[in-house]
Each structure stands twice: as structure tokens, then as C-alpha cells.
Amino acid sequence: MRESKNQNSSSYSSRYHRLLLFAMSSMSLSSLTADASTSSASPSAPSSLSSTSTKRLTVESMNKNLLKMEYAVRGPVVIAADKINDELKQQQQQQQQHGATSQSSNNNKYPFDHIIYTNIGNPHSVGQAPLTWPRQVLALVDLPDAVGVNHPDAPKLFPPDAIRRAQEIKTGLMGHGSGAYSHSQGAQCFRNDVAQFIQRRDNGVASDASRIFLTNGASEAIRMVLQTLVANVNCGTMIPVPQYPIYSATLDLLNAHKVGYYMDEESDWSLNVEELERALEEAKSKGIEVNSFVLINPGNPTGQVLTKENVKDIVSFCARHRLVLLADEVYQENVYEEGAAFYSAKRAAHDLGLLHNDGSDAGIELVSFHSVSKGVFGECGRRGGYMELVGIDSGVVDQLYKLASSSLCSTVSGQVMTSLMVRGPDFGSESYESHEAEKKAVFDSLKRRAKLVGDGLNSIEGFSCRSPKGSMYCFPSVKMPPGVFREAESRGVSPDTVYAVSLLEATGICVVPASGFHQREGRYGFRTTFLPSEEEMSKAVEMIRGHYKEFCARYA
């Protein structure tokens, strides 16, 4: 599956150029060019985008902030992968129609028969099976009563606890079913489930269901809060470097400032207060009005799980500087390393005495996020998630409600799945043991894959990869051979984009260049999930190993 060492270099260069041209036709050149800067720049239309169209809406007349916005996990390398995937499918269909021969097989354009998508945390798309009980309940909620919960044969197809829960949900939806709009914050019964989940998770720390919003995944909640925070062009948000691109992309779209604080790779991507103070003071010296701070724990793309001390330091820092803390905690169930444990920002605030819901100005202003897309559910397509507001001004809560109301409500199926994630079958009920067994099987496999991929990548000479303690990703640094920099400059892309496209063409593995997440100057690499099967990920590591040797030889 790896490309031959004797491959004609001009043929490779031509094919590489075609892929980038395709991606460039779908995205602006600025999206292909890595921007390691974490501060906002004045938006302007890329010079490569020109049009003689007489249409009213063109790339010259459209929102320049949208042109500037980048979203690497669905960026140019992935566009190129999708194009190759379409070609492979067409080729396979033609072979099926005309009969595959050894000659036609030898004429295959690529040395692989499928794309291994490791660019995004989308578990079901790469083979993870849905959990049974939540899907049973959801099916019953969606079905009309006569052919679902009230059908005489329903107990032959569904366990009693699934039927009971579906009936409870239908009652909570006021008899309107899953096809009607719900309350704009989400159905009250589901928000109650979330509040009780948070209270159990945080060892009894109270949670107020009236301060919970059910949203279309955590992403929508994040965008809502950032939109509320950005009052003018001087506003800035502190974001980790590396960071998940939804933050940089949304801040670019809002024409706000990205204030990067560096995580310490040598200390397993931990944080230190000195670096936070440095980043904040530097931003203030530039006239940036920093009003918020993003914490991603467990980490994406870095896979770290912060210690209690680290989380407390961040909460104290935000309270001291009156920064609204945005706690991205969507991977809270994905903690694999022995001795590591998820410790929520809310629990840290409580333990520090910084939780005040009495309307006073003291204490932390905190918004935390969770999602059904991650953990062991992996229900990305349901678009279910929530945010909890703690210590947020009541007038701001009202405005967030108005913003939520402008979209009427989040998807009701996502709300149902969120409820089922935070409150599974009752202990001792018919489905409890099987549900817990399914969840454990998914988790244990993720844990094995985290070690397999982390250790495997770290064993490649020229790679350095911190073992992922949590989440779904590895983020190795890769030593680039000298010729890559000349190639990158000639193509107008980052060196790790050259690497990622080469890896894609040689092996069919689709990763995201590390430059799409921002990183320290001089560092290069990529982010990969470890979500495909254990067998496929084991093969992928060896293909990455073999390709890197050929890549270094080509660009020596």
C-alpha cells in the first residue's frame, strides 16, 4: 500500500499539484497557508480570489471575516481525500460493471483501495456501533404511539425499561412528540436530567436546570457564548496553543482577537500560570480587551488530562482577572491513563470557594460544555449537547435565551440522546447490565487504541508523540527533511501540509496538519484520531512509519 521508492518524482509532483489545485478551487488560498499567529488581523479578500461575475454576491462582496475563517479538520487535505475517495468508488464501480482483471487492478491510480479517515472525531463513520438501549428508546420516542409504545407486540421487540423511558419522555414532551419544537432552552425534563447528572458528577455540588441550555452539539453553544462575549473589535479571548479550530474560526468570523497561551508539550501538555500571565499582559499591552478564557480538558488536539492543581490554577486565574471561563469538557468520559481523572472546572471553583450564584460580583463566571458526540456514545449526527451557566449575570442569561429563541430550539432527537447519555437505564433494570457492558467494551477498545497509536507513533525515528491520557487524538511532532521547506514555499502551504498530502497519496490515511491547530514556531506535525478499528490503526501506524522513510528520502 506504500508508494514505491522509485516513483518518478515529476509524476508525484504533478499529482500533488492537482490535489492542491482542487482544494484551492474549493477554499481560499489563505485556508491552505498555515497561519501560526494567534492574534486577529484586519480581514481582506485574498488576492487569488478574483471574479468578473455580475452577480451581487461574490467573493469580493461577501463577508471578509468568513473568507479569513479557517476550519482545519474539514480543510484542504480532507477535501483532497474526499476527491480521491470519489475516484476510488468510481473505479471500483467500473471494475464491478466490466469485471475486474489483473491488468485493470494494476492500472489503479492509487496504491490503496480506501481512505482511512482519521481527521475528525466521528466514531460511527469509522465503524463504532451505536449503543443499543439509547437507540431503542429513541426509536420508540420517534414512532407514533400506535405502532410504538402502545403496540401490543412492542414488548417482543423492546425491553420493558426502554418502553418505560420512552413513555416518560413522551410525557415530558407534553404529548407533542419528537417532531414538534421544544422550549428554546430544551425540554424541562431533559434539563432536569442534565442538572442531576452534573450534581452527581461533582459530588453533590448543586446545578440549576434553569441555567442549562440544550444545544445542537457543544459547537453551537460555544458559538452562542463567543457571539455574546464579542462586544467590539477590541475584544479578545485566551485560547490554548494548540487549540481546537472552532475557537479560532469563530473568533475570526466575529473579527475578534485570538490571544494564544502555550501549553507545555515537554510536560505532557500541562499549563503554568506564568505563561497565562505572560499572554494576558502581552495582549493588554496591545490594547486588546481580554474578557474570556478557553479551557479544553481533556485536551483536543493534545490528549492531555489536567491535574486538579492545574484546573484550580486556571479557575483562580480567571476569577482573579475577571475572565469568563469557557470550559470545554466534551471528553470528560474519555480518560484512559491509570491515576488520571477528570476534574471539572465547576468542581474546582466550588472547592476554591469561588461559586456564587447569589448575584454578587465575587466568584467565577463559568460556562461549561458537554456533548453526545464524544465519550462512548459517539452520536455526532444527533447534534446533542448542553451548556451550563454558573455565576453569569441574569440579564446575560436572558439575552442568551433570546439568541437561542432565534433558532427556536435545538434538535429534539439530540435533546433525547443527551438525556439518555446523562441518565441511562436504572440500576437493576432489564437493560442496565447490557448497556454498561457495551459502554465498557467501547471504552476499553479506545483505551487500547490510545496506547497502540501513541506508543507506535512515538517509536518512529523523527517523531515525538506524548501518550494520550484522554480524548480521541494523538498530536505528534514530526521532524521535517530540509527539502520540504522549499516545496512548501513554492506551493504556498505549510510544511506539514506537504507532509499530510504526501501521506494521503501514498497510504490513503487522512490526517490534519498540526498548523491547522496552531503550534509553536518551528514545530510541525499532525493530529490523528485513533477511532478506526484496532486492526486498521495498527496497520496505519506501520504505513505512517514506512511512508516517513520514503518522505525523508524524497525531500532530503
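Located above this text is the structure these notes cover.
All residue numbers refer to positions counted from 1 along the written sequence of the respective chain. Predicted model: local features are reported for residues with pLDDT of at least 70 only, side-chain atom pairs are reported and counted for 80 or more only, and whole-chain, interface and lining totals are derived from all residues. Hydrogens and water are ignored here; the side-chain numbers use all heavy atoms of the structure.

Novice: Sorry, what's going on with the pairing of strand 2 (residues 212-215) here?
Specialist: Remark: a regular strand shows side chains that alternate across the two faces of the sheet. The alternating pattern of strand 2 places Ile212 and Leu214 and Phe213 and Thr215 on opposite faces, both of which are buried. A pair of strands is treated as paired once DSSP finds two or more bridges between them. Only DSSP runs of H or I covering at least 4 residues are called helices, and only runs of E covering at least 2 are called strands; the numbering of each starts at the N terminus. Bridge analysis of strand 2 against strand 8 (residues 385-390) gives four bridges, and the strand direction is antiparallel. Paired with Leu214 across the strands is Tyr386, a residue of strand 8. Here the term buried applies to any residue with accessible area under 20% of the maximum for its type, exposed to any over 50%, and partly exposed to those in between, with areas from a 1.4 Å probe on protein chains only.

Novice: Can you help me understand the packing of aromatic side chains in this one?
Specialist: Note on aromatic pairs: each is described by the distance of the centres and the angle between the planes. Between the rings of Phe, Tyr and Trp (Trp by its six-membered ring), a pair exists once the centres lie within 6.5 Å; its type follows the angle of the planes, with under 30 degrees stacked, over 60 edge-to-face, and the other angles tilted. Following the criterion strictly, the structure yields 15 aromatic pairs and no others. Both rings, one in Tyr336 and one in Phe443, keep their centres 5.5 Å apart while their planes meet at 45 degrees; by these two values the pair is tilted. Here Phe443 lies in helix 17 (residues 432-458) and Tyr336 lies in the loop between strand 6 (324-328) and helix 14 (345-351), a separation of 107 residues in the sequence. In this structure Tyr336 comes out as buried when scored by relative accessible area, which is 4%. Here Phe443 falls in the partly exposed class, since its relative accessible area comes to 21%. Between Arg520 and the ring centre of Tyr262, over which it is positioned, the NZ or CZ distance is 4.2 Å. A positively charged side chain is recorded as over a ring if its NZ (Lys) or CZ (Arg) lies within 6 Å of the ring centre. The angle to the ring normal must also be within 35 degrees.

Novice: How should unusual backbone geometry be read in this particular structure?
Specialist: For residues other than glycine, phi is negative in most cases, and the peptide bonds are mostly trans. The omega angle of the peptide bond from Val241 to Pro242 is 5 degrees, so this bond is cis rather than trans. By the element assignment, Pro242 lies in the loop between strand 3 (235-241) and helix 11 (245-253). For the peptide bond that leads from Asn297 to Pro298, omega is -10 degrees, which places it in the cis range. Tracing the chain through its elements places Pro298 in the loop between strand 5 (289-296) and helix 13 (308-320). You will see that Leu408, though not glycine, has its phi angle at about 70 degrees, which is positive.

Novice: Honestly, the environment of Ala206 in this entry has me stumped. Any pointers?
Specialist: Structurally, Ala206 is set in the loop between helix 9 (188-201) and strand 2. You can call Ala206 exposed: its relative accessible area is 56%. Along the primary structure Ala206 and Gln196 are separated by ten residues, whereas in three dimensions their C-alpha atoms are 8.4 Å apart. We call two residues in contact whenever any of their non-hydrogen atoms come within 4.5 Å of each other. Discounting residues that sit within four places of it in the chain, Ala206 has contacts with Gln199 and Lys346.

Novice: Would you explain helix 8 (residues 160-172) in this entry?
Specialist: The α-helix winds at 3.6 residues per turn, so residues separated by three or four positions along the chain end up facing the same way. Multiplying 1.5 Å by the helix residue count minus one yields the expected span of that helix. Compared with the 18 Å implied by 1.5 Å per residue over 13 residues, the 18 Å span of helix 8 between its first and last C-alpha is a close match. Buried within helix 8 are the following residues: Asp161, Ala162, Ile163, Arg165, Ala166, Ile169 and Lys170. On its buried face, helix 8 is in contact with helix 6 (132-142), helix 7 (154-157), helix 9, helix 16 (412-422) and helix 17.

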